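# An overview of the molecular structure
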Amino acid sequence: MIPVLEVAVVRALAADLRSTREALNFVDRFDALLSSRLQKIHDALMTQDLEQMNVALLGLHTSAAMVGAAQLHHCTGRILGHLSRWPFSATASRAIMKDLAKEAVQFTRAYRMMRSRRNLHPDPDPAPDPDVAGHTTARTTRVADTARSPE
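Everything quoted here is computed from the prediction, not taken from an experiment. (Residues numbered from 1 in each chain as written. Predicted model: local features only at pLDDT ≥ 70, side-chain atom pairs only at ≥ 80, totals over all residues. Heavy atoms only, no water.)

## A few points about the overall build of the protein
To keep things clear, this is the line we draw: Numbering of helices and strands starts at the N terminus; helices are DSSP runs of H or I of at least 4 residues and strands are runs of E of at least 2. Buried residues are those whose accessible area, probed at 1.4 Å on protein chains only, stays under 20% of the maximum for their type, while exposed residues exceed 50% and partly exposed ones sit between those limits. Working rule for contacts: check all heavy atoms of both residues, and any pair within 4.5 Å makes them a contact.
When helices and strands are counted, the protein shows 6 helices and 0 strands. Starting at the N terminus and ending at the C terminus, the protein contains elements arranged as α-α-α-α-α-α. Counting every position in the protein, which comprises 151 residues, the buried fraction comes to 44%. Residue pairs at least 24 apart in sequence account for 69% of intrachain contacts in the protein once pairs closer than 6 positions are excluded.

What follows is the structure, given as structure tokens:
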């Protein structure tokens, strides 16, 4: 099962930036821009603009990976893999937007839960979770488990 939010990725971003605050600001901006990114994808679908669709999806795909939005990253990758079937039918376009919107909402919920719990600093005694990529802690495991989408 792919977690909605990989906290370990956010921790790695904080380490790379040498600032937890800057990492959280980066993820905050990603979260704030999600609706406009989805709108660009919607617009590309409606106008059947393959170039704009590719640009919008690649941007979302890349940034989702950078912030640990694992399910959203997986979803955009799946759609990118189907661009050879362009243009999409109206039914397929609606399904794409529904899937992306669902993943975006789940990411936002999981991220805001992580922020409210101030769950970014590693625990002193890590316990790895095989379902979450990267090094994790027992606390990360709990957030990842609660942040997964229901099956």
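## Digging into the layout of surface pockets
Under the convention used in this document: Site definitions follow a grid-based scheme: protein atoms alone, a 1 Å grid, a 1.4 Å probe that fits but cannot get out for cavities, and for pockets an open set with protein on both sides within 12 Å along at least five of seven lines, plus lining residues having an atom within 4 Å of a point. Grid points are joined across faces, edges and corners, and a volume is the space filled by probe spheres set on the points. Three classes are used: nonpolar for Ala, Val, Leu, Ile, Met, Phe, Trp, Tyr, Cys and Pro, charged for Asp, Glu, Lys and Arg, and polar for all others, with Gly counted as polar.
Its volume calculated, the largest pocket comes out at about 170 Å³. Considering the residues around the largest pocket, the lining is formed by C75, R78, I79, H82, R85, F88, A92, A95, I96 and D99. Breaking the lining of the largest pocket down by element, the ones donating at least two residues are α4 (70-81) and α5 (90-116). With 4 residues, α5 is the single largest residue contributor to the lining of the largest pocket. Per-class residue counts for the lining of the largest pocket are 6 nonpolar, 1 polar and 3 charged.

## A word on the packing of aromatic side chains
Formally: By convention, a stacked pair of Phe, Tyr or Trp rings (six-membered ring in the case of Trp) has centres within 6.5 Å and planes under 30 degrees apart, an edge-to-face pair has planes over 60 apart, and any other such pair is tilted.
Counted by the stated rule, this structure contains 3 aromatic pairs. Aromatic side chains F30 and F107 sit 5.3 Å apart centroid to centroid with 90° between the ring planes, which places their arrangement in the edge-to-face category. One end of the pair, F30, is in helix α2 (residues 20-47); the other, F107, is in helix α5, with 77 residues separating them in the sequence. Taken together, the aromatic side chains of F30, F107 and Y111 make up a single cluster linked through ring pairs.

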